[in-house]
Amino acid sequence: MKTLKNCILPAIVLFCLASCQQSSTKNGNNKTMDQATIPDSNNFKQTIDGKPVHLYTLTNKNGLKAAITNFGGKLVSLLVPDSSGKMTDVVLGYNSLKDYQQYTKNGMYFGSLIGRYGNRIAKGKFTLDGKNYQLAINNAPNALHGGPKGFFTVVWDVVKVTPNSLELHYLAKDMEEGYPGNLNVTVTYTLTNDNALDIAYKATTDKATVLNLTNHSYFNLNGEGSGTINNHSLQINASKFTPVDSTLIPTGKLEPVAGTPLDFTKPEKIGARIDDKNQQMLYGKGYDHNFVLDAKDKGQHLAATVVGDKSGIEMQVYTDQPGIQFYGGNFLEGGDKGKTGHPYEKRTALCLETQHFPDSPNQPQFPTTTLKPGETFSSVTSYKFSVKK
């Protein structure tokens, strides 16, 4: 019997170890529940339009990591610790450049730099200095996010790389995607030691143009692919918003959020009022609205705070822009499988895009988005992470 026990016990231990290892693996991708990882940089090495594409990983002194590709300036991964110290990837994305090129409906925007004009322009038309311009209609009947070949599709030039920062540059040529002026844009990603991802934008032009730069990262603070964000807590420091028509173009009015499902002046669960029979919610199929931030000065201010209900991860969004677009992932359809093999389904991520207001070139009462020769557009947005206590 003693000999038999000596044989059986090691076998049981080996079986248990194998079972644990097998149960912790997701969809054959060799990623476990306990450890988020950065995609293999070799999967991003390619030449597009004669320019090399790579994946760059930034790290701060606390071990946070951000992976960014110069294809579209996309934030591919962002690893931050949850309440138990487990590193969690909080942004949606893919494991290879091929996947980003393949998923062209929703996935083309994941983590991307957006320009020349983020958000919508009504019917793709605007007038500047007495001249009419017509843009491509890629979100019928409107233009969206700079057009079908906006900044999210181009290869950015890498200017400088340090262990915690990446500086990118792009020259958008005169009349590219229908916009006037040769526009020089520099964007610098910095992973700071106080656990913030800073995105600094600068731009100049040789001809009057319109400009609205932002980043289109999709966040799930419980971890990408982990399910709904409707139980996340959200606060937006905005007492007004810009109501939209049925095509999601602002009506031109600023209306109070009070008494509507868009009131996030105090922390609220995102899904608590998402099915309210409110016309704005019906137009957006949920949340897809620009909020008018309450800040009184032009400096950086706290715009929004989100907390993951399972992870305890808190994200604060700071900006110097007048607005922020809150999008609740209403148009994610589940066809795209992300980094851990999970389909990205409806409302499994949210976007908080710091910006000027949609359709500002056609709304003179909105803060101007016109950039003229001799002027420099400069802006910084920070996504700061901590654990909710």
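Since we're looking at a predicted model, the values are computed, not measured. Residue indices begin from 1 for each chain and proceed along its sequence in written order. This being a predicted model, a pLDDT of at least 70 is required before a residue's local features are given, and a value of 80 or more before pairs of side-chain atoms are given or counted; all residues contribute to the totals for chains, interfaces and linings. Heavy atoms from the whole structure form the basis of all side-chain values; hydrogens and water molecules are not counted.

**A closer look at the packing of aromatic side chains**
Two rings from Phe, Tyr or Trp (for Trp, the six-membered ring) form a pair when their centres sit within 6.5 Å of each other. Planes less than 30 degrees apart are called stacked, planes more than 60 degrees apart edge-to-face, and all others tilted. Under the counting rule described, the total for this entry stands at 19 aromatic pairs. Ring centres 6.0 Å apart and planes at 85° place the aromatic pair Tyr218 and Tyr327 in the edge-to-face group. Highlighted residues: Tyr218 in the loop between strand S17 (214-216) and strand S18 (233-236) and Tyr327 in strand S25 (residues 323-327), separated in sequence by 109 residues. Across this residue pair, the class does not change: Tyr218 and Tyr327 are buried. Each ring, one from Phe219 and one from Tyr383, has its centre 5.2 Å from the other, and the planes form 40°; the classification is tilted. A residue pair is termed long-range when its members are at least 10 positions apart, and Phe219 in the loop between S17 and S18 and Tyr383 in strand S28 (residues 377-387) qualify at 164 residues. Members of the aromatic cluster, joined through ring pairs, are Phe44, Tyr94, Tyr100, Phe110, Tyr218, Tyr327, Phe331 and Tyr344. Under the DSSP-based scheme used, a helix requires at least four consecutive residues in state H or I and a strand at least two consecutive residues in state E, with every element numbered from the N terminus. Throughout, exposure labels follow a simple rule: accessible area from a 1.4 Å probe, protein chains only, divided by the maximum for the residue type, with under 20% read as buried, over 50% as exposed, and the rest as partly exposed.

**Things to note about the sheet that holds S25**
The strand order S20-S19-S22-S25-S26 describes an open sheet built from five strands, whose pairing is antiparallel. Pairing within the sheet leaves two strands with one partner each, and these edge strands are strand S20 (255-256) and strand S26 (351-355). Here five bridges tie S25 to S26, and the two strands are oriented antiparallel to one another. Note on S26: the bridge partner recorded for Ile324 is Thr354. A strand pair is defined by DSSP finding two or more bridges across the two strands.

**Remarks on unusual backbone geometry**
Cis geometry marks the peptide bond from Gly115 to Arg116, where omega comes out at 5°. With respect to the helices, strands and loops of the structure, Arg116 is situated in the loop between strand S7 (112-114) and strand S8 (120-121). One non-glycine residue with positive phi stands out, namely Asp49, at about 50°. Examined against the element boundaries, Asp49 turns out to sit in the loop between strand S1 (46-48) and strand S2 (51-53). The backbone of Met175 shows a phi angle near 70°, a positive value even though the residue is not glycine.

**Section: the sheet that holds strand S4 (residues 65-69)**
The four strands lie next to each other as S3-S4-S5-S6, forming an open sheet whose pairing is antiparallel. For this open sheet the edge positions go to strand S3 (55-59) and strand S6 (87-89), each flanked by a neighbour on one side alone. The sheet shows a mean angle of 20° between the axes of neighbouring strands, direction not considered. Of the strand pairs in this sheet, strand S5 (residues 74-81) and S6 are connected by three bridges, and their pairing is antiparallel. Angular values range over 0 to 180 degrees, each being the angle between N-to-C directions of two axes fitted as lines to C-alpha atoms, with helices fitted over their stretch in contact.

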